[in-house]
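Structural features, examined
Here is what each chain is made of, one letter per residue.
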Amino acid sequence: MTVNSSVTVERRDGVAVIYTQGYINNQAGEEVARVAYSLLDEGFKTLLLNLGGTTIVNSIGISILIEIIEKMIEIQGRMAFCCLTPTIDKTFHIMGLAQYAPIYADEATALAALGG
């Protein structure tokens with residue numbers, strides 16, 4: 001099964017919003033990580049992952065997102081998610097991601113909470 005995916009970024013006042021499109025698997029997950037770590041190198045300490053264009057995240061994708069969350073905790077940064085499908089939302093809660101990276105219904109709510 002081939003599913004195209006892409007990652008784009010918008011830099012806001014102190015918050016970088018990472019938009020994903022498509023299936024987050026090992027390849028797309030690695031791209032999200034590369035973008036996230038690049039943003040950290042630029043000085044961003046608050047990341048918002050908008051998964052509005054994503055309908056599937058596999059176990060490898062989740063493990064990569066956990067690595068990013070661990071890095072954010074290590075540098076005392078903040079990370080959050082928004083615009084998740086009900087299935088991804090439930091999965092992130094079951095896997096414990098929501099314990100360390102809050103989940104917001106939409107981008108506006110997330111940015112208001114994160115100060116962006």
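Residues numbered from 1 in each chain as written. Predicted model: local features only at pLDDT ≥ 70, side-chain atom pairs only at ≥ 80, totals over all residues. Heavy atoms only, no water.

Quick notes on helix 1 (residues 26–41)
Side chains that are three or four residues apart share a direction in an α-helix, a result of its 3.6 residues per turn. With 16 residues, helix 1 should cover 22 Å at 1.5 Å per step; its first-to-last C-alpha distance of 22 Å lies within 8% of that length. Tucked into the core, helix 1 has its buried residues touching strand 1 (6–11), strand 2 (16–21), strand 3 (46–53) and helix 2 (59–74). With a side-chain oxygen positioned 3.1 Å from the backbone nitrogen of Gln27, the residue opening helix 1 is Asn25. (Helix = DSSP H or I, 4+ residues; strand = E, 2+ residues; numbered from the N terminus. Expected span 1.5 Å × (residues − 1). Contact = heavy atoms within 4.5 Å. Polar contact = N/O pair within 3.5 Å; in protein donor to acceptor, adjacent residues only side chain to side chain.)

As for unusual backbone geometry
The backbone of Gln76 shows a phi angle near 60°, a positive value even though the residue is not glycine. If you trace the backbone, Gln76 turns up in the loop between helix 2 and strand 4 (78–82). Residue classification places Gln76 among the exposed positions, given a relative accessible area of 70%. Located in the positive-phi region is Cys83, a residue other than glycine, with phi close to 65°. You can see Cys83 is positioned in the loop between strand 4 and helix 3 (86–95). On the basis of relative accessible area, Cys83 is assigned to the partly exposed category, the value being 24%. (Buried < 20%, exposed > 50% of the residue type's maximum accessible area, 1.4 Å probe, protein only.)

So, the sheet that holds strand 1
Spatially, 1-2-3-4-5 is the arrangement adopted by the five strands of the open sheet, whose pairing is mixed. Both outer strands of the open sheet, strand 1 and strand 5 (103–104), are each paired with one neighbouring strand and no more. The pairing of strand 1 with strand 2 spans six bridges and is classified as antiparallel. Considered in strand 2, the bridge of Glu10 is made with Val17. Contacting strand 1, strand 2 and strand 3, helix 1 crosses the sheet at an angle of about 20° to strand 1. Each of strand 3 and strand 4 touches helix 2; the most contacted strand, strand 4, lies at about 145° to it. (Pairing = 2+ DSSP bridges. Axes fitted to C-alpha atoms, helices over the stretch in contact; angles between N-to-C directions.)

Examining the pattern of salt bridges
Opposite charge on two side chains lets them pair, provided their charged atoms get close. On inspection of all chains with the given rule, the structure shows five salt bridges. Between Arg34 and Glu31 there is a salt bridge, and its shortest N-O distance comes to 2.7 Å. Of this pair, Arg34 and Glu31 both sit in helix 1, three residues apart, which is roughly one turn of that helix. Given the relative accessible area of 49%, Arg34 is considered partly exposed. (Salt bridge = Lys/Arg side-chain N within 4 Å of Asp/Glu carboxyl O.)

A word on the packing of helix 1 against helix 2
Interhelical geometry of helix 1 versus helix 2 gives an angle of 15° and a closest axis separation of 8 Å. Compared by their axis directions, helix 1 and helix 2 come out roughly parallel. Handedness of the crossing formed by helix 1 with helix 2: right-handed. Counted together, Asn26, Gly29, Glu30, Val32, Ala33, Ala36, Tyr37 and Leu40 of helix 1 and Ile60, Ile64, Leu65, Glu67, Ile68, Lys71 and Met72 of helix 2 form the full contact between these two elements. A per-class count over the contact of helix 1 with helix 2 returns 10 nonpolar, two polar and three charged. (Parallel < 35°, antiparallel > 145°, perpendicular 65-115°, else oblique. Left-handed = near helix turned anticlockwise from the far one by under 90°. Nonpolar A, V, L, I, M, F, W, Y, C, P; charged D, E, K, R; others polar.)

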